Amino acid sequence: MTNNGSTGLGVLVGAAAGAVLGILFAPDKGSVTRQRIADQAQLQKDRLASSAADLREKIADTVSSEKNTLENKVESIVSDASYKAEDVISTLEAKLKELKAKNKKYKKAS
């Protein structure tokens, strides 16, 4: 994404520089040339603002998507941990029951 942003910025700067140089070397009055430069600057500003808005939207979409993915992973981990905890508790309860039975046998034998 950084490479695309740098490339896009380079293209915009190059286009702006080319437009300005072309206008400066054109045989027109100074006022006309200044107006063309102002128009080109406004056009480039609008293009840059549009590109920035598109980039902002893409970033927001990516963040939202990653957030949802992370939430799903956390939910899955919590669910797995809950099932494993239940298995451990069941195993411990069975072991406790077994130990109590053995303890009763030892008490009767004594």
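Each value, and the rule that gives it
Residues numbered from 1 in each chain as written. Predicted model: local features only at pLDDT ≥ 70, side-chain atom pairs only at ≥ 80, totals over all residues. Heavy atoms only, no water. Salt bridge = Lys/Arg side-chain N within 4 Å of Asp/Glu carboxyl O. Helix = DSSP H or I, 4+ residues; strand = E, 2+ residues; numbered from the N terminus. Buried < 20%, exposed > 50% of the residue type's maximum accessible area, 1.4 Å probe, protein only. Contact = heavy atoms within 4.5 Å. Patch = residues over 30% accessible without salt bridge, like charges linked within 9 Å, V, L, I, M, F, W, Y side chains within 5 Å. Areas by Shrake-Rupley, 256 points an atom, 1.4 Å probe, with all protein chains shown as cover.

Asks: Which residues make up the pattern of salt bridges, and what values go with them?
Replies: Applying the stated rule across the entire model yields two salt bridges. Measuring nitrogen to oxygen at the nearest pair gives 3.8 Å for the salt bridge that ties E98 to K95. Of the two residues, E98 and K95 are both situated in helix α2 (residues 30-109); the distance of three residues between them amounts to about one turn of the helix. Owing to a relative accessible area of 38%, E98 belongs among the partly exposed residues under this scheme. Judged by relative accessible area, K95 falls into the partly exposed class, the value being 45%.

Asks: Break down the side chain of Q44 for me, citing the residues and quoting the values.
Replies: Following the sequence through the fold, Q44 ends up in helix α2. Judged by its relative accessible area of 12%, Q44 is buried. The residues contacting Q44, other than those within four sequence positions of it, are L12 and A16.

Asks: Summarise a nonpolar patch on the surface; cite the residues concerned and give the values.
Replies: Where nonpolar side chains cluster on the molecular surface, the patch consists of L9, V13 and L48 and spans about 270 Å² of accessible area. Residue placement: V13 occurs in helix α1 (residues 2-24).

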